[in-house]
Amino acid sequence: MSRVPDDNLPTGTTAGAPQVLLNHHLKQLKLPTVLREYEKVARECARDGVDHPRYLLRLIELELIDRERPTVERRIRAARFPAVKSFDTFDFTAIPSLNKMLALDLARCEYILRRENIIALGNSGTGKTHVALALGLAACQKGFTVVFTTAAALANQLLEARDEKRLLKMQRELAAVKLLIIDELGYVPLSPTGAELLFETFSQRYERGSTIVTSNLPFEDWTQVLGSERLTGALLDRLTHHVSILTMIGDSYRLKQSASRRRTAGGAEQNQATPDEN
């Protein structure tokens, strides 16, 4: 018995050509990533013993990542990160005081939904900025708006905005950001007015948005930067009400990397100067 043609099929195909039909349907549904990846992912899942729901999940996640990529890239540019870094390139073994499980759990960004804060404390060179950047990148990838700045730069920008009669506009913009990252609190003392404006920024975000702060100073020394015990106490009261604290104490990560590079270069020079005995 001859097969009756199906008018719904693309020209030149039959019900006995599943791969051709699948490709056609995926194009019609505008699923280019699934079309490009389904055979490779099927081989990987067969090799690893992955069941059908997880196979479909992998494909759909790849499609979503590709669709979201332009939007994520726009959020990353808007965040004004000095560099794009993730936890994939962070050496947790170099800073054993850092709670790795907590840091990776925070990268899930549930704290942003709860409007909680993060404070990373530790001496210079221990990777506090890297951790803040990695958490900021994760937030961008999860769909949250992010702004990265240093404490000194933000204080100066707030002072300029005040002088130019646009302070309220800037404060509204900062209050609307889902995650504000303030790096290097403690490296540069702030002017009394700059400290007050920075405090206002924290106050306006209290229980409305999440803030990450990195500092090389313990809490008891923040008065050195803010210049007022009253202001410091009020700031810490708001900032630490709902907070996760990342302690990063150890030798300078950058100094160790620099020393390692010097040792490697010195060894290479010595090897070049030594005659080959073979």
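Every chain's residues receive numbers from 1 upward, in the order its sequence appears when written. Predicted model: local features are reported for residues with pLDDT of at least 70 only, side-chain atom pairs are reported and counted for 80 or more only, and whole-chain, interface and lining totals are derived from all residues. As a convention, hydrogens and water are excluded, and side-chain values are obtained from all of the structure's heavy atoms.

Peer 1: Explain the sheet that holds strand β5 (residues 243-247) to me, please; I cannot follow it from the model alone.
Peer 2: Pairing between strands is defined by DSSP: at least two bridges between them are needed. Where helices and strands are cited, they refer to DSSP runs of H or I of at least four residues and of E of at least two residues respectively, numbered from the N terminus. Here 5 strands make up an open sheet; going across it, the order is β2-β3-β4-β1-β5 and the pairing parallel. Of all the strands in the sheet, just β2 (146-150) and β5 have a single pairing partner and so form its edges. The mean inter-strand angle of the sheet, taken between neighbouring strand axes irrespective of direction, is 15 degrees. Of the strand pairs in this sheet, strand β1 (residues 117-121) and strand β4 (residues 210-215) are connected by 4 bridges, and their pairing is parallel. Residue pairing for β4: Ala-120 is matched across the bridge by Thr-214. Lying over the sheet, helix α6 (residues 128-141) contacts β1, β2, β3 (179-185), β4 and β5, oriented at roughly 170 degrees with respect to β3. Whether two residues are in contact is decided by their heavy atoms, any of which lying within 4.5 Å being enough. Axes, fitted as lines to C-alpha atoms, cover a helix only where it is in contact. Angles between the N-to-C directions of the axes lie from 0 to 180 degrees. Along the sheet face, helix α7 (residues 151-163) touches β2 and β3 and points at about 100 degrees away from the line of β2.

Peer 1: Looking at this structure, how should I read the side chain of Arg-75?
Peer 2: Note that Arg-75 resides in helix α3 (residues 52-79). Those residues in contact with Arg-75 that sit more than four places away from it in its chain are Glu-68, Cys-140, Gln-141, Gly-143 and Phe-144.

Peer 1: Got a minute to help me understand the pattern of salt bridges in this structure?
Peer 2: For salt bridges, the criterion is a side-chain nitrogen of Lys or Arg within 4 Å of an Asp or Glu carboxyl oxygen. Inspection of the entire model under this criterion finds 14 salt bridges. With its nearest N and O atoms 2.7 Å apart, the salt bridge here joins Arg-54 to Asp-51. The exposure class of Arg-54 is exposed, given its relative accessible area of 53%. We note a salt bridge from Lys-169 to Glu-173, for which the minimum N-O separation is 2.6 Å. Taken as a pair, Lys-169 and Glu-173 lie in helix α8 (residues 167-176) at a separation of 4 residues, close to a single helical turn. Partly exposed describes any residue whose relative accessible area lies between the buried limit of under 20% and the exposed limit of over 50%, with all areas from a 1.4 Å probe on protein chains only and scaled to the type maximum. The partly exposed category is assigned to Lys-169, whose relative accessible area is 47%. By relative accessible area, which is 43% here, Glu-173 ends up partly exposed.

Peer 1: Please explain unusual backbone geometry as it appears in this structure.
Peer 2: Note on backbone geometry: most residues besides glycine have negative phi, and most peptide bonds are trans. For Lys-30, which is not glycine, the phi dihedral falls at a positive 60 degrees. Locating Lys-30 in the fold gives a position in the loop between α1 (18-28) and α2 (32-48). Phi angles above zero are rare outside glycine, and Cys-109 is one such case at about 70 degrees. Tracing the backbone shows Cys-109 in the loop between α4 (100-106) and α5 (110-113). With relative accessibility at 1%, the residue Cys-109 sits in the buried group.

Peer 1: How do you make sense of the environment of Leu-22 when you look at a structure like this?
Peer 2: For Leu-22, the position within the fold is in helix α1. A residue is classified by how much of its surface remains accessible, and Leu-22, at 36% relative accessible area, is partly exposed. Spatially, the C-alpha atom of Leu-22 lies 8.3 Å from that of Leu-35, the residues being 13 residues apart in sequence.

Peer 1: What is the right way to read the nonpolar core from this model?
Peer 2: For soluble globular proteins, nonpolar side chains are generally found buried alongside one another. Only buried residues count toward a nonpolar core, which is a set of Ala, Val, Leu, Ile, Met, Phe, Trp, Tyr and Cys residues joined through side-chain atoms within 4.5 Å. Counting residues in hydrophobic clusters, the biggest one holds 35 residues, and the most contacted among them are Phe-81, Phe-87 and Leu-135. The biggest single contributor to this core is α6, with 9 residues. Setting aside residues up to four positions removed in sequence, Phe-87 forms contacts with Phe-92, Ala-103, Leu-104, Ala-107, Val-131, Ala-134 and Leu-135.

Peer 1: Looking at this model, I keep getting lost on the pairing of β4. Mind explaining?
Peer 2: Strand residues, when the strand is regular, have side chains that alternate between the two faces of the sheet. The buried count for β4 comes to 6 of 6 residues, which makes it a mostly enclosed element. Side chains Ser-210, Ile-212 and Thr-214 project from β4 onto one buried face, and the interleaved Thr-211, Val-213 and Ser-215 project onto a second face that is buried too. Pairing between β3 and β4: 5 bridges, direction parallel. The residue bridging Ile-181 from the neighbouring strand is Ile-212, located in β4. For the handedness criterion, the β-α-β arrangement of β3, helix α9 (residues 192-205) and β4 is classed as right-handed. Viewed with both strands pointing away, a crossover whose connecting path from the first strand over the helix to the second turns clockwise is right-handed.

Function cannot be read off these values alone, since they describe shape.
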